[in-house]
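For reference, the chains in residue letters:
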Amino acid sequence: MSQPPADAETFLATTDTIAALRPELSLLESGILAGLHLGLAEDSRSFARVFGIEHALVLRAVDTLAGETLVSVTARDARTQRTRYAASEVGRSVLAVLAA
């Protein structure tokens, strides 16, 4: 069995840091960015499953992040609504602060 990309403590600390950098974001939105940064999830269904959150709430948060130009939607399955996303240029600049 391979090691998970990050433990809960790392995820929560990363989420808190993003929330402090971008206070206009909800904790869920900050968590989605943290999950992307830590390699935990790159699509809405995976994030919802990993964290036990309703998929509809994750979709709403991804749409908000896209509206804030922090993520770019790269694909959307019409049937399941699974939405794949990646950090946009603005999002990468926020996440770059975490790597410093």
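The model shown is predicted, which means the values in this text are computed figures rather than measured ones.

A. Region of the structure containing the nonpolar core. In terms of nonpolar packing, the biggest core is built from 22 residues, with Ile32, Leu33, Phe47, Leu65 and Tyr85 touching the most fellow members. At the level of secondary structure, the elements contributing two or more residues to this core comprise helix 1 (8–21), helix 2 (27–37), helix 3 (44–51), helix 4 (55–67), strand 2 (83–87) and helix 5 (89–99). Contact partners of Leu33, with chain neighbours within four places excluded, come to Ile18, Leu25, Leu65, Leu70, Val71 and Leu95.

B. Here's a closer look at helix 1. Taking 1.5 Å per residue, 14 residues should reach 20 Å; helix 1 reaches 20 Å between its end C-alpha atoms and fits that length. Within helix 1, burial applies to Phe11, Thr14, Thr15, Ile18 and Ala19. The arc that holds the buried residues of helix 1, viewed along the axis, is 135°, so those residues lie on one side. Residues of helix 1 that are exposed and angled more than 90 degrees away from the buried face: Glu9, Leu12 and Ala20. Along its buried surface, helix 1 packs onto helix 2, helix 3 and helix 5. Taking the backbone nitrogen of Glu9 as reference, a side-chain oxygen 3.3 Å away marks Asp7 as the first, capping residue of helix 1.

Quick notes on the rules
Residues numbered from 1 in each chain as written. Predicted model: local features only at pLDDT ≥ 70, side-chain atom pairs only at ≥ 80, totals over all residues. Heavy atoms only, no water. Core = buried A, V, L, I, M, F, W, Y, C linked by side-chain atoms within 4.5 Å. Buried < 20%, exposed > 50% of the residue type's maximum accessible area, 1.4 Å probe, protein only. Helix = DSSP H or I, 4+ residues; strand = E, 2+ residues; numbered from the N terminus. Contact = heavy atoms within 4.5 Å. Expected span 1.5 Å × (residues − 1). Arc of directions from axis to C-beta. Polar contact = N/O pair within 3.5 Å; in protein donor to acceptor, adjacent residues only side chain to side chain.

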